[in-house]
Amino acid sequence: MDFDYSGEKPLFQQVADQLSEGIFNGSFKEGTQIPSTTEISKNYQINPATVLKGMGILVERGLLEKKRGIGMFVTAGAKEKIGTIRKDEFLTIEVFQFVSDAKKLDISAEELKKLIDRGYKL
């Protein structure tokens, strides 16, 4: 995990993002335990409440579940959920901005499709 302690993004959100990335890239497999709040807070000098808040985001999204007295575990289907969330974000943020920029440059939809096809061939 890599945290930007002086960045604009709050640390609790960075914790959530880092854990989510670990789930998505397979570092934390479904059904396995993630590092504890204490482990993360000690290893990265982050307040335990901040770490817990980041984990709470993933619990709310159904990506982690707390097993009382044992710890936090990756839920079944978490990787797929993250993929769906990322696709939705990609469509609503990146694609709409991309199309908006293309329109400003007077690139037609047909030209844009050809450019995308060319990009896929690289």
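Residues numbered from 1 in each chain as written. Predicted model: local features only at pLDDT ≥ 70, side-chain atom pairs only at ≥ 80, totals over all residues. Heavy atoms only, no water.

In terms of helices and strands, the protein chain carries five helices and two strands. Reading the secondary structure of the protein chain in the N-to-C direction produces α-α-α-β-β-α-α. Rg of the C-alpha trace for the protein chain: 19 Å, well past the compact-globule value of 14 Å for 122 residues, more than 25% over. Its C-alpha atoms put the protein chain at 60 × 35 × 25 Å along the principal axes. Residues classed as buried in the protein chain amount to 27% of the 122 residues present. Of the contacts made within the protein chain by residues no fewer than 6 positions apart, 51% connect residues no fewer than 24 positions apart. A total of about 8700 Å² of accessible surface is found on the protein chain, and carbon and sulfur atoms cover 54% of it. (Helix = DSSP H or I, 4+ residues; strand = E, 2+ residues; numbered from the N terminus. Rg over C-alpha atoms; globule rule 2.2 N^0.38 Å. Buried < 20%, exposed > 50% of the residue type's maximum accessible area, 1.4 Å probe, protein only. Contact = heavy atoms within 4.5 Å. Areas by Shrake-Rupley, 256 points an atom, 1.4 Å probe, with all protein chains shown as cover.)

Okay, a nonpolar patch on the surface next. On the surface, a cluster of nonpolar side chains totalling about 360 Å² of accessible area is made up of Phe98, Ile116 and Tyr120. With respect to the helices and strands, Tyr120 occurs in helix α5 (residues 109-121). (Patch = residues over 30% accessible without salt bridge, like charges linked within 9 Å, V, L, I, M, F, W, Y side chains within 5 Å. Salt bridge = Lys/Arg side-chain N within 4 Å of Asp/Glu carboxyl O.)

Turning next to the nonpolar core. Counting residues in hydrophobic clusters, the biggest one holds 19 residues, and the most contacted among them are Leu19, Ile23, Ile34, Met55, Leu64 and Val74. Those elements that place two or more of their residues in this core are α1 (11-24), α3 (48-60), β2 (71-74) and α4 (78-104). Those residues in contact with Leu19, other than ones at most four positions away along the chain, are Met1, Phe28, Ile34, Ile40, Met55 and Leu58. (Core = buried A, V, L, I, M, F, W, Y, C linked by side-chain atoms within 4.5 Å.)

Tallied over the full model, the rule gives two salt bridges. Measuring nitrogen to oxygen at the nearest pair gives 2.6 Å for the salt bridge that ties Glu21 to Arg86. Note that Glu21 is positioned in helix α1 and Arg86 in helix α4, a separation of 65 residues in sequence. When its relative accessible area of 32% is taken as the criterion, Glu21 is described as partly exposed.

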